[in-house]
Amino acid sequence: MAEESSGTAEHMPLGPADLQAVAEPAETLAPGVTYQKFTQGQASDLWSVELEIPYPNGKSWRVGNKTYADALVKDLAAHGFAGRVDSRELPVLTGSGSPLSGHAVRVGQFAPAEQALANQMKGWLETSGYGARTIYTAQDGSATTGPWQVQVVRVDATADVAFKAVHGQAVSTTQTVRDMAEAAGGLVAVNGSEFDIDSPSNKEFSGYDGDPEGLYVQGNNLLSEANNGRTALLLEGAGGRVRVDEITSRTQVTAPDGQVRQVDGVNRVPGRIRGCGGIGDDHRLDGKGANPEGKPWRGVMCVDDNEVVIFRPEWGTTTPPPRPEVGNSVDVVMDGNWTVKEIRPAGGPIPAGSRIMQGIGTGADWLRAHAVVGQAFKPGTTITDSQGKSVTSPTLSAVAGGGPALVRNGEVLVNTVANGMHDAVYGTPTSAITERHPRTLAGVTATGELLLVTVDGRSPGTSVGVTAHEAADVMRWLGATDALSLGIGGDTTLVANDSLYNRPMDSWTASGSTERKVGNAVVVVKK
């Protein structure tokens, strides 16, 4: 386990065994709450330029058939560029297939301090008509000497603090972790759930930057339904102050005439289920997977033409207008006691203290058939763990992460498939598992300590990040008996006492550190 004194600690389980971690002096943030930074390793990877590989159905940065990669290397040579094929094997996690190989084509090898030369090579290749991007080889997940920078907050079980999940001004918007912590009076805060980010790389953005992907509970109020079966961090709930488990949520409403309907979602665009794992006729927008699709798929958009979604005031000021593909929709506006006040076209103000059910397709038909102005619906919600037991309590907060479980009962357990972090066709783990990224991690020790950990990344001279399995090894080394990954990549942020304690990076080629606005955060507040 990691030391808590300054100087050289034992080897962090990252890189070659002869590397030694250096632990900075532990800082007391409040009684029972400490912060400590560990560093280890030195840069040994290289900048290179990666090429898009043509194949019969399009182009890709990595292909399974090496023939296409070899053909591109031959073409590069004809244009005066020395290309190479970098290959790696990935395990098949579903079924019993043999490992599959992925092949990338790259040009040039430049030292960690020579990014400018790699960028110059990229420009030459693009001028010659190739699709190209600059990469740093540590991202691949293959052997490296780092370096790594790991920030650790420990909260003793006896500390006079509370644990909460919070969002910014609205669930449908984003805010920096620092701003959320300040508004909540937080002593320490890290980023929480992944969310529907407004980004060029998110081709299926639904229009509301900040909408959580999966479970989000605040003060025992379900503010975003679970991608059922995904791993979540539970705080101040039944069964322990800090828990990690796979969670399912179910909500239903009983109409004034006694008819019951399952509710498809909470605080999201009807018909759009980011991360899947819902109910009804959900299916993946890309056509892969099952139909209907009840399993979670991290970062994947599922759709359903027939839904009922509940909106609470935490969502924002208005319900979403119907999307262009929706021909049948309605809002049922209710007060805080679920008494119907108005039946109106979808998309309108959310009055203070109200609840609104928005229906599309047959969901809209059901609401029109059973909603009566002046009469009340009766809601019911359950949030249960992997054993089917309720986890709710008056103080429950919970967030689903951006990654899988990492440690369970003191042993490494990376449940990739349970969290939908594998390819639907080939069964191989996604890059969110196998590649190195900045990561935010949370866990609990045998003595009940809460661990909030960030591993910086995307910075060749400072920290290259970790794979999911490396993150699991780090959390076990820190003493976690149960742990999971929260949001990763540019989301990764640690704030303490209104100061930034890590180095968030949007990409490997970013010009500097940037605090990204995120959907929600996990905060530690003084009682």
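If you're wondering where the values come from, they're calculated on a predicted model, not measured in any experiment.

Enquirer: I'd love a proper account of empty space enclosed by the protein, names of residues and values included.
Expert: Summed over all chains, the structure comprises four cavities of 30 Å³ or more. By volume, the largest cavity amounts to about 130 Å³. Looking at the lining of the largest cavity element by element, the count peaks at three residues for strand β21 (residues 272-276). Classifying every residue of the lining of the largest cavity by side-chain character gives five nonpolar, four polar and seven charged. Each pocket or cavity is described by its volume, and for the second largest cavity that value is around 100 Å³. No other element matches strand β18 (residues 240-254), which puts three residues into the lining of the second largest cavity. Considering only residue class, the lining of the second largest cavity consists of five nonpolar, seven polar and three charged.

Enquirer: Outline the nonpolar core, listing residues and values.
Expert: Counting residues in each nonpolar core, the largest one holds 52 residues, and the members touching the most others are L51, L76, L125, V453, M475 and L478. Per-element accounting of this core gives the leading share, six residues, to helix α6 (residues 468-477). Setting aside chain neighbours within four positions, we find L51 in contact with S60, W61, L72, L76, V105, R106, V107, L125, Y130, G131 and A132. Judged by nonpolar contacts, the second largest core, of 32 residues, contains Y35, V188, L235 and V524.

Enquirer: Hey, could you go over unusual backbone geometry for me, with residue numbers and the actual values?
Expert: Along the chain, G146 connects to P147 via a cis peptide bond; the corresponding omega equals 5°. Following N291, the chain continues into P292 via a peptide bond in cis, with omega recorded as 5°. Topologically, P292 is positioned in the loop between β22 (283-284) and β23 (296-303). With a phi close to 55°, C276 is a non-glycine residue in the positive phi region. Of note, C276 is situated in strand β21.

Enquirer: Could you give an account of the sheet that holds strand β26 (residues 340-344), naming the residues involved and the relevant values?
Expert: Spatial strand order, β20-β24-β27-β25-β26: five strands in an open sheet with mixed pairing. The two strands at the open ends of the sheet, each matched to only one other strand, are β20 (265-266) and β26. Sheet strands in contact with helix α4 (residues 362-370) are β24 (307-311), β25 (329-334) and β27 (355-360), and its direction is about 125° off that of β27.

Enquirer: An account of a nonpolar patch on the surface is requested, with residue identities and associated values reported.
Expert: Residues L100, V425 and Y426 make up a contiguous nonpolar surface patch of roughly 300 Å² in combined accessible area. Locating V425 in the fold gives a position in the loop between β31 (411-412) and α5 (431-434). For V425, a relative accessible area of 54% gives the class exposed.

Enquirer: Describe the state of the cysteines, with residues and values.
Expert: Enumeration over the complete set of coordinates arrives at one disulfide. Covalently, C276 is tied to C302 through a disulfide, its sulfur atoms 2.1 Å apart. Across the disulfide from C276 to C302, rotation about the S-S bond amounts to roughly 95°, and the bridge is consequently right-handed. Taken together, the residues C276 in strand β21 and C302 in strand β23 connect sequence positions 26 residues apart. The class for C276 is buried, based on a relative accessible area of 0%.

Enquirer: Could you give me a rundown of the sheet that holds β23, with the residues and numbers involved?
Expert: Ordered in space as β21-β23-β22, the three strands form an open sheet in which the pairing is antiparallel. Bordering the open sheet on either side are β21 and β22, each of which pairs with just one other strand. For β22 and β23, the ladder comprises two bridges, and the chain directions are antiparallel. Among the inter-strand pairings, H283 is bridged to a residue of β23, identified as V303.

Enquirer: So, the environment of G289: which residues are in play, and what are the values?
Expert: Mapped onto the elements, G289 comes out in the loop between β22 and β23. For the pair formed by G289 and V425, sequence separation is 136 residues and the distance between their alpha carbons is 7.8 Å. Aside from chain neighbours lying at most four places away, what touches G289 is R284 and A424.

Enquirer: Report on the pairing of strand β11 (residues 148-155), specifying residues and quantitative values.
Expert: Walk down a regular strand and you will see the side chains alternate between the two sheet faces. For β11, the buried fraction is high: eight of the eight residues fall into the buried class. Inspection of the sheet shows strand β4 (residues 33-40) paired to β11 by eight bridges, in the antiparallel sense. In the sheet register, K37 faces β11, and the bridge partner there is Q151. One ladder, built from six bridges, connects β11 with strand β33 (residues 450-455); its direction is antiparallel. Looking at the pairing, V152 lines up with V453 of β33.

Enquirer: Got a sec to walk through the side chain of E50? Specific residues and values, please.
Expert: Tracing the backbone shows E50 in strand β5 (residues 47-51). A distance of 2.8 Å separates a polar atom in the side chain of E50 from a polar atom in the side chain of R106. Only 2.7 Å separates the side chain of E50 from the side chain of R133, close enough to count as a polar contact. E50 has contacts with W61, R62, A104, V105, R106, G131, A132, R133 and I135, leaving out every residue within four places of it along the chain.

Quick notes on the rules
- Residues numbered from 1 in each chain as written.
- Predicted model: local features only at pLDDT ≥ 70, side-chain atom pairs only at ≥ 80, totals over all residues.
- Heavy atoms only, no water.
- 1 Å grid on protein atoms, 1.4 Å probe; cavity = no way out; pocket = protein on both sides within 12 Å on 5 of 7 lines; lining within 4 Å.
- Points joined across faces, edges and corners; volume = space filled by probe spheres on them.
- Helix = DSSP H or I, 4+ residues; strand = E, 2+ residues; numbered from the N terminus.
- Nonpolar A, V, L, I, M, F, W, Y, C, P; charged D, E, K, R; others polar.
- Core = buried A, V, L, I, M, F, W, Y, C linked by side-chain atoms within 4.5 Å.
- Buried < 20%, exposed > 50% of the residue type's maximum accessible area, 1.4 Å probe, protein only.
- Contact = heavy atoms within 4.5 Å.
- Pairing = 2+ DSSP bridges.
- Axes fitted to C-alpha atoms, helices over the stretch in contact; angles between N-to-C directions.
- Patch = residues over 30% accessible without salt bridge, like charges linked within 9 Å, V, L, I, M, F, W, Y side chains within 5 Å.
- Areas by Shrake-Rupley, 256 points an atom, 1.4 Å probe, with all protein chains shown as cover.
- Salt bridge = Lys/Arg side-chain N within 4 Å of Asp/Glu carboxyl O.
- Disulfide = S-S within 2.5 Å.
- Polar contact = N/O pair within 3.5 Å; in protein donor to acceptor, adjacent residues only side chain to side chain.

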